[in-house]
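Architecture and fold: a report
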Amino acid sequence: MRLIDGRAIAAAIAEEVTAAVADLTAAGTTPTLAVVVPTDDEATAWYVRSIERTAAKVGITCRVDKLDHPDGESITKHLNTLSADPTVHGIICQTPLPPGVTLDHVGAHIAPAKDIDGANPASLGRLAAGLPTYAPATAAAVLEILKREQVPLTGTRAAVVGRSTVVGKPAALLLLAENATVTICHSRTENLAAVCAEADVLIAAVGRTHLISTPHIRPGAIVIDVGTNPTADGGLAGDVDPDGAEAAGALTPVPGGVGPVTTMLLMGHTVRAATNMIN
Ligand code: NAP
């Protein structure tokens, strides 16, 4: 089994994004990403710092708007303001949100042209309809890794474990758009291992440490592990047990797989949004 180097893929994308940012900046527009943070959650703060570092690396301006004591109304008002601000090209809203507030609700207030993490339900609808849009960056990262690894998708059997709006469903739609034959699995799927073992391409987006192991993996399968599960020692573990994935053809590690590609694609999407806005 070969480990896929997500950091190397992110570095290759960074080169392309840095060049595009330089061109846009020279033409008078510095791509600008606004990160709305309506939480004091420490894991979110860590993720936001990594977005800021990545933006700085490629020359994108990243403004972090921390909202104190937010409620649904103040978040949507802020997102409306950013949506109307011509100096902002990409907008993401971090979670967790206050009790009773859903990402679907606040995401609907991110202008689709700036919705670079696919949080507006309209963006997912456009993805389902095969129209140009931004897929959530994590789902886009899954496809980007498969493409850069030159994994053939047309006609292959793909299984996605997880059906969330942010990862599982959009990843399945993107695979379908590449002509894979896609099965979506979830907590009610019967005989999960047997369904997964049919797949040439297996995407694990569950949030259960090492749920996916030897019985789930078809020999030679390409396995993309989206899971980021905190470990007792402060680290991260994936949804796939690496010791049980020996038969796989390739596996993305956790950390160092999908995560760095996701963050870099937020930058790529911001550049695309800025380019579209000036053209
Ligand atoms: P989520 O909203 O909790 O969805 C989890 C999905 O897994 C649900 O569809 C659930 O099924 C399914 N599931 C739960 N237990 C299962 C089981 N035993 N067998 C089969 N399916 C099961 O999680 P998410 O937001 O999609 O995130 C999934 C994982 O990806 C998490 O570890 C998260 O931290 C990680 N993640 C990583 C990145 C990144 O950039 N690397 C970004 C986002 C998320 P039901 O629908 O039936 O409940």
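Residue positions are given per chain, counting from 1 as you read along its sequence in written order. Per-residue local features of the predicted model are confined to residues with pLDDT of at least 70, and side-chain atom pairs are confined, for both listing and counting, to 80 or more; whole-chain, interface and lining totals are unaffected and use all residues. With hydrogens and water set aside, each side-chain value is computed from the structure's full complement of heavy atoms.

Topic: the packing of helix α6 (residues 137-148) against helix α7 (residues 168-177)
- Here α6 crosses α7 at 35°, and the two axes come no closer than 8 Å. In this structure, the crossing between α6 and α7 has a hand that is right-handed. Together, A139, A140, L143 and L146 of α6 and P170, A171, L174 and L175 of α7 make up the contact between the two elements.
- Here the contact of α6 with α7 is built from residues that sort into 8 nonpolar, no polar and no charged. Under this scheme, a helix contributes an axis fitted over its contacting stretch, all axes are lines through C-alpha atoms, and angles between N-to-C directions fall in the 0 to 180 degree range. Strands are runs of DSSP state E lasting at least 2 residues, helices are runs of H or I lasting at least 4, and numbering of each runs from the N terminus. For any helix crossing, the convention is left-handed if the near helix is rotated counterclockwise from the far helix by under a right angle, and right-handed if that rotation is clockwise. Any pair of residues with heavy atoms lying within 4.5 Å of one another is described as a contacting pair. Ten residue types, Ala, Val, Leu, Ile, Met, Phe, Trp, Tyr, Cys and Pro, are classed as nonpolar, four, Asp, Glu, Lys and Arg, as charged, and the remainder, Gly among them, as polar.

Concerning the sheet that holds strand β2 (residues 32-37)
- What makes two strands pair is DSSP finding at least two bridges between them. Taken together, the 3 strands give an open sheet; going across it, the order is β3-β2-β4, and neighbouring strands pair in parallel fashion. With one partner strand each, in any of the chains shown, β3 (61-66) and β4 (90-93) form the two edges of the open sheet. Each neighbouring strand pair of the sheet contributes to a mean axis angle of 20°, computed without reference to strand direction.
- Looking at chain direction, β2 and β4 are connected through 4 bridges and run parallel. The residue bridging L33 from the neighbouring strand is G90, located in β4.
- Contacts from helix α3 (residues 72-84) reach β2, β3 and β4 within the one sheet, and its direction differs from that of β4 by about 170°.

Points about the pairing of strand β7 (residues 201-204)
- Here's how the labels work: a residue is buried when its accessible area is under 20% of the maximum for its type, exposed when over 50%, partly exposed in between, all with a 1.4 Å probe on protein chains only. Here β7 shows a buried face lined by V201 and I203 and a second buried face lined by L202 and A204.
- Alignment of β7 against strand β8 (residues 222-225), held across 4 bridges, turns out to be parallel. Counterpart to V201 in the pairing with β8 is I222.

Some words on the pattern of salt bridges
- The rule for a salt bridge is simple: a side-chain nitrogen of Lys or Arg has to be within 4 Å of a carboxyl oxygen of Asp or Glu. Applying the stated criterion across every chain, the model contains 12 salt bridges.
- In this structure, the salt-bridge partner of R2 is E149, at a minimum N-O distance of 2.9 Å. Remark: E149 occurs in the loop between α6 and β5 (157-161) and R2 occurs in strand β1 (residues 2-3); sequence separation between them is 147 residues.
- By relative accessible area, which is 42% here, R2 ends up partly exposed.
- Since its relative accessible area comes to 24%, E149 is described here as partly exposed.
- Among the ionic pairs, E178 bridges to K147, the shortest N-O distance being 3.2 Å. Of this pair, E178 sits in the loop between α7 and β6 (181-185) while K147 sits in helix α6, and the two are 31 residues apart along the sequence.
- Each member of the salt-bridge network shares a partner with another, and the members are R157, E198, D200 and R218.

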